[in-house]
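Here is how the chains run, residue by residue.
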Amino acid sequence: MVTRVPPEPFRIKMVEPVHVPDQQERERALEAGHFNMFGLKSADVYIDLLTDSGTGAMSKQQWAAIMMGDEAYAGADSFYSLKKAVKDVLGFDYTIPVHQGRAAENVVFGSLVKEGDVIPFNMPFDTTRGHIFNAKASSVDCVIEEAFDRENPHPFKGNVDIAKLEKALADNRGHVPFIMVTITNNSGGGQPVSLKNLRDVSAVAKRHGIPLLLDAARMAENAWFIKNREPDCRDMTVAEILKATMDTADAITVSCKKDPLVNIGGLVACRTEEMYYRVVPRVILFEGFATYGGLAGRDLEALAVGLREMVNEQHLTHRIAQVRYLGELLSEGGVPCIQPIGGHAVFIDAGAFLPHIPQGSYPADVLSIEIYREGAVRGIGLGALAFENVDEKTGERTFPKLELYRLAINRRTYTNSHMEYVAETIVNVYKRRDSIRYGLEITYEPPVKGLKHFLAHLRPKNL
């Protein structure tokens, strides 16, 4: 049964015309983009669900705040607006702005991680893995096993398995600079982490004297799920739950292009002066001075407003319901999706969609090509191409447990009619899935480990 989406808690004030490319245009675009969704031009896409990062619509309050931007190099008023918003909404005393989430990862991993270190996660995402590899370190997935069962209805499939975490800490004693939990768990289907689980992880971290960090790009959506799925939290507001979530952590990295509703921006926030002074020199080296971090003052002002708007419960309820609506339309059409539907995206099980294509031939990325061909809809494969490991000595390939295709929904951007078009497009591909008889091979990949899927050139090959 498809659940009705509540009415939009906004009015549309400006429209952006978009073009629907015809079949010949789509084929030319695929060839020119080397069959990689990152290689397509925006003008070649009708509905763009590649990512929810920086693709949402800002509010009139945010656009007004832009005019208040103080562009001073050091100590700008706009920085103090942001600092106060971080303290009010998240509770951290020390705020470091950066230009986006991977910049926050660069600052933290480059400052705190050394060669040979091991970082326990629930599951890291692609750029996070890239920064770990770049530091010559490694990660350990400690997510609960339910995360790998597509149809399991567990309400918090992003949770950390405490026994796995304890084992990771015991096996790597002296080499764990911090524990990190991603909320929501993007690599596992946009699944939330419960407040109880975060408190349990925090207790383990404190017992071992190891900091707990959160990758908090989708922290407001995670708080909404906690309110609606964790019985002990039902009487709390999303804002109260978010503050309680932050209380479990020593520091956070944030891509503010997600929940905080801006088109550019990121954050590192921490509790202690000691950690602040460990990471801030790298900000100056790679981003800009500590009070602007690669952002204009106007960006800081828009972000300060966005942090407050992101906990609006009408906004979150509509946003998550729209994602669920797309997921339910797809499920009704037989398309195998990760259940329950996550907060920011619908994740299709590409391995189950195209079971006849071996994982080493990148079925999630074949699916991305076929969905684009069918309706000029762009999503992204998050399977072997993004997450496989190749042994540098033997060439042996290790594939991820999940072969997913993601449809990331932009905030306050598309209508429910757009969701219906996307669902119809994908169901049409599903109906002809048995006729899709090719895989993909790589003709070029970048030399930086962990970032292959962003820049790879692909070529179809018959199976």
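A quick note: this is a predicted structure, and the numbers were derived from the prediction, not measured.

Rules used in this analysis
Residues numbered from 1 in each chain as written. Predicted model: local features only at pLDDT ≥ 70, side-chain atom pairs only at ≥ 80, totals over all residues. Heavy atoms only, no water. Buried < 20%, exposed > 50% of the residue type's maximum accessible area, 1.4 Å probe, protein only. Helix = DSSP H or I, 4+ residues; strand = E, 2+ residues; numbered from the N terminus. Pairing = 2+ DSSP bridges. Right-handed = clockwise from strand over helix to strand, strands pointing away. Contact = heavy atoms within 4.5 Å. 1 Å grid on protein atoms, 1.4 Å probe; cavity = no way out; pocket = protein on both sides within 12 Å on 5 of 7 lines; lining within 4 Å. Points joined across faces, edges and corners; volume = space filled by probe spheres on them. Nonpolar A, V, L, I, M, F, W, Y, C, P; charged D, E, K, R; others polar. Salt bridge = Lys/Arg side-chain N within 4 Å of Asp/Glu carboxyl O. Core = buried A, V, L, I, M, F, W, Y, C linked by side-chain atoms within 4.5 Å. Phe/Tyr/Trp six-rings, centres within 6.5 Å; stacked < 30°, edge-to-face > 60°. Lys NZ or Arg CZ within 6 Å of the ring centre and 35° of its normal. Axes fitted to C-alpha atoms, helices over the stretch in contact; angles between N-to-C directions.

*Asks:* Sorry if this is basic, but what is going on with the pairing of strand β5 (residues 179–182) here?
*Replies:* Regular strands have side chains that alternate between both faces of the sheet. Neither face of β5 is exposed, since I179 and V181 on one face and M180 and T182 on the opposite face are all buried. When β5 meets strand β6 (residues 212–215), the two strands line up parallel, connected through 4 bridges. Opposite T182, over in β6, you have D215 as the bridge partner. After leaving β5, the chain enters helix α7 (residues 195–208) and then returns to the sheet as β6, a path that is right-handed.

*Asks:* What should I look at first to understand the side chain of T95 in this one?
*Replies:* Among the structural elements, T95 can be located in strand β2 (residues 94–98). Beyond its immediate stretch of four places on either side in the chain, T95 contacts F79, L82, K83, V86, L267, V268 and Y276.

*Asks:* What am I meant to see in the layout of surface pockets here?
*Replies:* Which parts of space are left empty comes out when a probe the size of a water molecule is rolled across the atoms. Of the voids in this model, the largest pocket is the one considered here, and its volume is about 1700 Å³. Residue lining of the largest pocket: 43 residues in total, with M14, A57, M58, R412 and T413 positioned closest to the centre. If you list the elements that add at least two residues to the lining of the largest pocket, you get α2 (60–66) and α12 (313–332). Ranked by residues supplied to the lining of the largest pocket, first place goes to α12 with 5 residues. For the lining of the largest pocket, a count of residues per class yields 15 nonpolar, 17 polar and 11 charged.

*Asks:* How do you make sense of the pattern of salt bridges when you look at a structure like this?
*Replies:* Should their charged atoms come close, side chains of opposite charge can pair. Across all of its chains, the model carries 28 salt bridges by this definition. The partner of R373 in a salt bridge is E27, and the shortest N-O contact between them spans 2.7 Å. Linking R373 in helix α14 (residues 363–375) with E27 in helix α1 (residues 23–32), this pair joins segments that are 346 residues apart in sequence. The closest approach of N and O atoms between D349 and R150, which form a salt bridge, is 3.1 Å. Of the two residues, D349 is situated in strand β9 (residues 345–349) and R150 in the loop between β4 (138–141) and α6 (162–171); the sequence distance between them amounts to 199 residues. Beyond isolated ion pairs, a larger network of salt bridges with shared partners links D52, R218, E221, D259, R319 and R411.

*Asks:* Hey, could you run me through the nonpolar core in this one?
*Replies:* Here is a general trend for soluble globular proteins: nonpolar side chains tend to be buried in one another's company. Judged by nonpolar contacts, the single largest core of 64 residues is most densely connected at L330, I348 and L407. When residues in this core are grouped by element, the largest group, 7 residues, is from helix α16 (residues 416–431). With residues up to four places along the chain from it excluded, the contact list for L407 reads L49, L326, L330, H344, A345, V346, I348, V377, G379, V422 and I426. Ranked by size, the runner-up nonpolar core spans 59 residues in total, among them F156, M219, A220 and I226.

*Asks:* In this structure, what is going on with the packing of aromatic side chains? I would like to understand it.
*Replies:* Think of a pair of aromatic rings as described by two things: how far the centres are apart, and how the planes are tilted against each other in angle. Across all of its chains, the model carries 11 aromatic pairs by this definition. Ring centres of F38 and F454 lie 4.9 Å apart, and the angle between their planes is 50 degrees; on these two criteria the pair is classed as tilted. Here the residue F38 occupies a position in the loop between α1 and β1 (47–48), and F454 occupies one in helix α17 (residues 452–455), the gap between them amounting to 416 residues. Judged by its relative accessible area of 30%, F38 falls in the partly exposed class. An aromatic cluster is defined as three or more aromatic residues linked by ring pairs; in this entry it consists of Y73, F289 and Y292. The positively charged end of K401 is found above the aromatic ring belonging to F148, 4.4 Å away from the centroid. For R433, the ring lying beneath its charged end belongs to Y430, and the centroid distance is 3.8 Å.

*Asks:* What is the right way to look at the sheet that holds β9 in this model?
*Replies:* Sheet strands pair by backbone hydrogen bonding; their relative direction is either parallel or antiparallel. The 3 strands lie next to each other as β9-β14-β11, forming an open sheet whose pairing is antiparallel. Of all the strands in the sheet, just β9 and β11 (380–382) have a single pairing partner and so form its edges. In this sheet, neighbouring strand axes are inclined to one another by 30 degrees on average, regardless of whether the strands run parallel or antiparallel. With 5 bridges connecting them, β9 and strand β14 (residues 404–408) associate as antiparallel partners. By the bridge assignment for β14, V346 is matched with L407. On top of the sheet, α12 reaches β9 and β14; it is set at about 25 degrees to β9, its chief contact.

*Asks:* Just to check I follow, could you spell out the environment of R298 for this structure?
*Replies:* Of note, R298 is situated in helix α11 (residues 297–309). Along the primary structure R298 and D171 are separated by 127 residues, whereas in three dimensions their C-alpha atoms are 47 Å apart. Look past the residues within four positions of R298 in its chain and what remains in contact with it is I66, G69 and E71.

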